[in-house]
Amino acid sequence: MGNAVIQLLVLAGIAVFLILRLRSVLGTRDGFERPRVAAPRDERPTRPEVMTIEDDTKDDTDITDHVERDSDSARAMAEMKLVEPEFSVGDFLEGARGAYEMILMSFERGDIDSIAPFLGDEVYQTFVDVVGEREDQGLSIDAKFVGIREVTLSEARFYQTTGDAEITVRFVAELTSTVRNSAGEIVEGNPNEIRRQKDVWTFMRRMGVSDPNWKLVATCE
């Protein structure tokens, strides 16, 4: 066999080897083959559910047990809870009940210093002035707290720019109270007569801060 024939057979073998090699790597195509497109996925990105203030008040009995569902006060307290999720209207009213007795009786006794941390500046000054006038006149008050008959949330406001919350509460209480002069004589009231007292107090606190104390910032009857 001549050298030319041998060279031809070698080249032919190399060609067959390359063809088989390429088929094993690339595969084969029969006619026109569409380009591959990723299969559509069933999982589609979902938008997180956006809760509105109305949604927050809709099923929150901690709010709707005390004010109308769609009222401004309900929305205000929902905004308070957005800033401070652990805030509870029920717990606040229980605290207000205790604060009412403590502040009222301290005022009657003339002991303003003990309740100063729970009073706004204007209320504090008013209390100081009234107690000062009593002392100037030689008057003193002997009062005994009987109990609270009613605690009602009247109004709530929330100021987004400052984070300040205001809640107004109506109290109906029973107590005995007598006013005595410097000689100890009763000039007003009866120690054996229980009288009913009505007060509307407004408490304020900045939500989302570490100080948990609400301050009494306004009083009226």
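This structure is a prediction, so every number in the text was calculated from the model and none was measured.

Some points on the overall build of the protein chain
Reasoning step 1: Scanning the protein chain from terminus to terminus reveals 6 helices and 5 strands.
Reasoning step 2: Traced from its N-terminal end to its C-terminal end, the protein chain shows the element sequence α-α-α-α-α-α-β-β-β-β-β.
Reasoning step 3: Across the 221 residues that make up the protein chain, the buried fraction comes to 33%.
Reasoning step 4: Put simply, 57% of the contacts in the protein chain that link residues at least 6 apart link residues at least 24 apart.
Reasoning step 5: When the accessible surface of the protein chain is summed, it comes to about 15,300 Å², and 51% of that surface belongs to carbon and sulfur atoms.

Quick look at the pattern of salt bridges
Reasoning step 1: Counting across every chain of the model gives 9 salt bridges.
Reasoning step 2: Taking the shortest distance from any N to any O, the salt bridge between Arg157 and Glu155 comes out at 3.0 Å.
Reasoning step 3: Arg157 sits in the partly exposed class, given a relative accessible area of 43%.
Reasoning step 4: Close ionic contact of Glu174 with Arg196 constitutes a salt bridge, the shortest N to O distance being 3.5 Å.

Thoughts on the nonpolar core
Reasoning step 1: Residues Met80, Phe92, Phe127, Ile167 and Phe203 are the most contacted members of the largest nonpolar core, which totals 42 residues.
Reasoning step 2: Sorting the residues of this core by element identifies α4 (72–83), α5 (89–109), α6 (121–136), β1 (140–159), β2 (164–180) and β4 (195–206) as the ones contributing at least two each.
Reasoning step 3: Considering every element that reaches this core, the biggest residue donor is α5, with 10 residues.
Reasoning step 4: Beyond its immediate sequence surroundings of up to four residues, Met80 is in contact with Phe87, Ala156, Arg157, Phe158, Ala165, Glu166, Ile167 and Met207.

Looking at the layout of surface pockets
Reasoning step 1: Considered as a void within the structure, the largest pocket measures approximately 480 Å³ in volume.
Reasoning step 2: Together, 21 residues line the largest pocket, and Phe107, Glu108, Arg195, Gln197 and Glu221 are the ones closest to its centre.
Reasoning step 3: Within the residue set of the lining of the largest pocket, elements represented by two or more residues are α5, α6, β2, β3 (186–189), β4 and β5 (215–220).
Reasoning step 4: Of all the elements, β4 adds the most residues to the lining of the largest pocket, at 4 residues.
Reasoning step 5: Class assignment for the residues of the lining of the largest pocket results in 8 nonpolar, 7 polar and 6 charged.
Reasoning step 6: Taken as a whole, the second largest pocket spans an internal volume of roughly 250 Å³.
Reasoning step 7: At 7 residues, the largest contribution of residues to the lining of the second largest pocket is made by α5.
Reasoning step 8: Classifying every residue of the lining of the second largest pocket by side-chain character gives 10 nonpolar, 3 polar and 1 charged.

Structural notes on α4
Reasoning step 1: Look at α4: 17 Å from first C-alpha to last across 12 residues, which is about the 16 Å you get at 1.5 Å a residue.
Reasoning step 2: Taken as a whole, α4 has its buried residues at Ser73, Ala74, Ala76, Met77, Ala78, Glu79, Met80 and Lys81.

Looking at a negative patch on the surface
Reasoning step 1: A cluster of acidic residues, Asp129, Glu133, Glu135 and Asp136, forms a negative patch at the surface.
Reasoning step 2: Positionally, Glu135 belongs in helix α6.

With respect to the pairing of β4
On a regular strand, each side chain points to the face opposite its neighbour's, so the side chains alternate between the two faces of the sheet.
Reasoning step 1: The sheet contact formed by β2 and β4 spans 12 bridges and is antiparallel. In the strand pairing of β4, Arg170 is matched with Val200.
Reasoning step 2: Across 5 bridges, β4 lies against β5 in antiparallel orientation. Looking at the pairing, Thr202 lines up with Ala218 of β5.

Some details on the environment of Phe127
Reasoning step 1: If you trace the backbone, Phe127 turns up in helix α6.
Reasoning step 2: Along the chain, Phe127 and Gly110 lie 17 residues apart, while their C-alpha atoms are 8.5 Å from each other.
Reasoning step 3: For Phe127, the residues in contact, after removing those within four places along its chain, are Ile103, Phe107, Ile112, Ile115, Leu119 and Leu216.

Some details on the packing of aromatic side chains
Reasoning step 1: Per the counting criterion, the structure on display carries 9 aromatic pairs.
Reasoning step 2: Aromatic pair Phe92 and Phe203: ring centres 6.0 Å apart, planes at 85 degrees, arrangement edge-to-face. Taken together, the residues Phe92 in helix α5 and Phe203 in strand β4 connect sequence positions 111 residues apart.
Reasoning step 3: For Phe92, a relative accessible area of 7% gives the class buried.
Reasoning step 4: Look at Phe203 and you get buried, because its relative accessible area is 2%.
Reasoning step 5: Seen in terms of ring centroids, Tyr100 and Phe145 are 6.4 Å apart; in terms of plane orientation they differ by 65 degrees. Their pairing is edge-to-face. Taken together, the residues Tyr100 in helix α5 and Phe145 in strand β1 connect sequence positions 45 residues apart.

About the thresholds
Residues numbered from 1 in each chain as written. Predicted model: local features only at pLDDT ≥ 70, side-chain atom pairs only at ≥ 80, totals over all residues. Heavy atoms only, no water. Helix = DSSP H or I, 4+ residues; strand = E, 2+ residues; numbered from the N terminus. Buried < 20%, exposed > 50% of the residue type's maximum accessible area, 1.4 Å probe, protein only. Contact = heavy atoms within 4.5 Å. Areas by Shrake-Rupley, 256 points an atom, 1.4 Å probe, with all protein chains shown as cover. Salt bridge = Lys/Arg side-chain N within 4 Å of Asp/Glu carboxyl O. Core = buried A, V, L, I, M, F, W, Y, C linked by side-chain atoms within 4.5 Å. 1 Å grid on protein atoms, 1.4 Å probe; cavity = no way out; pocket = protein on both sides within 12 Å on 5 of 7 lines; lining within 4 Å. Points joined across faces, edges and corners; volume = space filled by probe spheres on them. Nonpolar A, V, L, I, M, F, W, Y, C, P; charged D, E, K, R; others polar. Expected span 1.5 Å × (residues − 1). Patch = residues over 30% accessible without salt bridge, like charges linked within 9 Å, V, L, I, M, F, W, Y side chains within 5 Å. Lys, Arg positive; Asp, Glu negative; His and termini not counted. Charge placed at Lys NZ, Arg CZ, Asp CG, Glu CD. Pairing = 2+ DSSP bridges. Phe/Tyr/Trp six-rings, centres within 6.5 Å; stacked < 30°, edge-to-face > 60°.

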